[in-house]
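Breakdown of the fold
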Amino acid sequence: MLMQQKTISDSYWENLSLNDLDLDLLSNYLFEKEKPLSTSELANALIFARIKKEKEKEALRQSQLGTRFTPQNDYEEGQTLLFPALDWISGVVRSKRAGSNPDFEGFNVIEVEFEDNTVRSFASNLLNHPLNDTFSESDLSASVDIDKIYQKFGEHISQILEDSLSTSRDLVRIGESWFPKSLLIDFNQGHLNIVEAILDMQGGGPLEPKAILSQLDVDLGENPELTEFSLNYALQEDTRFDEVGTKGIYSWFLHRLEPEHVREIPHHLKYEPVSELTETLTSEDLSMLENIDDELIQYKYKLDTQLNNISFILSYPHWRIGSIPLTPRIKTVFPTALQTERVKISFYDQDDNETISAWLIRPNNYVYGLREWYEDHDLIPGSIISLEKTDDPGKIIIRAQKKRSNREWLKTILIGADGGIVLALLKQSVSAGFNDRMAIAVPDTEGLDAIWKERQNKQRPIKSDVTKMMQELSKLNQQHNVHFIELYAVLNTIRRVPPEPILQLLKTDPDFKYVGDQYYHMKDA
Amino acid sequence: MVIKLPSLVKPTLNTKFHIDFDWWKNHDRDWRIHMRSFLCPEHQAMFSDAITDQKFDLIDQTTAEVKQVDALEYLLITHCAKQDGFLSKSGTLVDSVFKVFLTNGNQPLTPTELSDILSKPAQTILTTFGGLRVYKGIRPIQF
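**Structural notes on the sheet that holds strand β8 (residues 177-180) of chain A**
Residue and element names in this part refer to chain A.
- Read from one edge to the other, the open sheet built from three strands follows the order β1-β8-β7, with strand pairing classed as antiparallel. Strands at the two margins of the open sheet, each flanked by one partner only, are β1 (37-38) and β7 (171-174).
- Relative to β8, β1 is paired through two bridges, and the arrangement is antiparallel. Within β8, the residue paired with S38 across the bridge is S177.

**Observations concerning a nonpolar patch on the surface**
Residue and element names in this part refer to chain A.
- A surface patch of nonpolar side chains, about 200 Å² in accessible area, is lined by L414, V422 and L426.
- Along the chain, L414 turns up in strand β18 (residues 402-415).
- Judged by relative accessible area, which is 33%, L414 ranks as partly exposed.

**A word on the sheet that holds strand β21 (residues 512-516) of chain A**
All names here are of chain A.
- Taken together, three strands build an open sheet; the order of strands is β20-β22-β21 and the sheet is antiparallel. Only two strands of the sheet have a single partner each, and these edge strands are β20 (481-483) and β21. Going from strand to strand, the sheet's axes swing by 40° on average, the running direction of each strand aside.
- Here β21 runs beside strand β22 (residues 519-522); their pairing, made up of four bridges, is antiparallel. For G516, the partnering residue across the bridge sits in β22 and is Y519.
- On the sheet, helix α14 (residues 462-474) packs against β20, β21 and β22 and is oriented at approximately 100° with respect to β22.
- Strands in contact with helix α15 (residues 484-491) are β20 and β22; relative to β20, the strand with the most contacts, it is inclined by about 75°.

Rules of the game
- Residues numbered from 1 in each chain as written.
- Chains lettered and ligands numbered in written order.
- Predicted model: local features only at pLDDT ≥ 70, side-chain atom pairs only at ≥ 80, totals over all residues.
- Heavy atoms only, no water.
- Pairing = 2+ DSSP bridges.
- Helix = DSSP H or I, 4+ residues; strand = E, 2+ residues; numbered from the N terminus.
- Patch = residues over 30% accessible without salt bridge, like charges linked within 9 Å, V, L, I, M, F, W, Y side chains within 5 Å.
- Areas by Shrake-Rupley, 256 points an atom, 1.4 Å probe, with all protein chains shown as cover.
- Salt bridge = Lys/Arg side-chain N within 4 Å of Asp/Glu carboxyl O.
- Buried < 20%, exposed > 50% of the residue type's maximum accessible area, 1.4 Å probe, protein only.
- Axes fitted to C-alpha atoms, helices over the stretch in contact; angles between N-to-C directions.
- Contact = heavy atoms within 4.5 Å.

Pasting the structure below:
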């Protein structure tokens, strides 16, 4: 019988699912180590345990099929043997005689008959042979390398682990690390009240756990790492505190002292969905979407590379709030975090040698804190801004695209005494580079704010707004054609709407006609 | 009447070759005399007068499989073939390949593997031993 040597196939790891035994094992492992361990460390422990288990299963399977042949053992007639070095073929011992060799003494020669009736001779009772040292554990050992498995499947296994461990009531997680809840050092309500006072005195924070512990007068004991982990857990479980550090760095802030637009999404960035995109977009449409910096775009495009610096075009809502849209492309220059929803970061303006404190709001995909900087640099909706990574993931270099300050003809939003909106081409002073189609001058931001406020509880149908803005834009050129980007930009001066619902309306409503090159025409214009 | 022809598969660079000792018997060659020429000087002197018929169990170092060989073959494989200079690069290709099989206990090898050992072109080895003429019993293994 020819037996296939057992190996752990790729599909074993690809289809891995965790059972209660695995979870018990990992829990026991954490108890033994007595320190928080990362998901990747637990993934390695799991791989090791699974390999060991498979080895034991394989050894049992082989022992049931026959005795493994090793030269050091002696065998008797009629015994069934398995030959690992010969692709696990099995055969029956037919005879035995004394061996003859001047270099080895006292060994025997057994004749083994295989299934194909061939008879071959093997040395037995031979203590000095390399085969005695091979396959000492299990034959899986020769084909299994934990590091290689982790390299190939580590991300996948870590994801499965995170999904399973996060449902465990006995384990707690802080950032990347896990630990048994029952082994945590207790921080009581008194401690937490003192932490609140410490952060309050710092203007809310941020403070790293080491800095907090130094002021808490707590005995760090023999395991400072565990003390820090326990404090992080206690703060995480208390809604007064917000973890605002970048990936791998813990930093705490008082939730109530965070700016309003950090705690709640600003009205100018809130979007009430108006319609689902059901139309099939052309490749030109998709290419256009990839170049619009809007965090609400649903279309997921693929980024070819990780970028170190990017430029983006400011839209009216972000200009008004002082924020940056976090599109997949723009996100690449910002730090990541595992669980933290709000991350404290800073921008650095090299020209003015100025550092600007800001917040990265991950769930709602925007960065907040640049209103003053936009004002100081006389930026307008449509201005082009560059962002560049630094060695510190929490620090990003920011600069407005340079341009000699002069006066340009720009679309300008004028608000009448009755609250009506009129678009006109007027000469405006501009001091930074801008995108022609997205650029809009807004001389009366308070008037526009009033319109947003009025619309807050009474949103109009999107077709009504599109029609109004198409009429205004079509007056600005003799052909009365309106480019999609211009329409998108001006619509966002009166309501927050991403490009897709506008495209959906233009492509499906007979009142609008596509005239090519992303230009649309109103039928009765 | 159907005449059954032997199957002839053209050897490639990945075909395994070995010394076919049956070939020596069938061709009535006294291979012992030929083998004696490969012995080291010390053992050549020992076997100059007589050759013993005693058999030894030669044990494969990988599988522990046992092959019975006579004293001449045993000494050649376990001692003489392991001496420095046994696989000299100056010998003929046929002798060199023959010696390789003696040193490794006649474990089958491909022309590519032989090329790595002898630093001679694999294609030359294949052309020499893959043809109809058999040199010193070296031929593809038969399944």
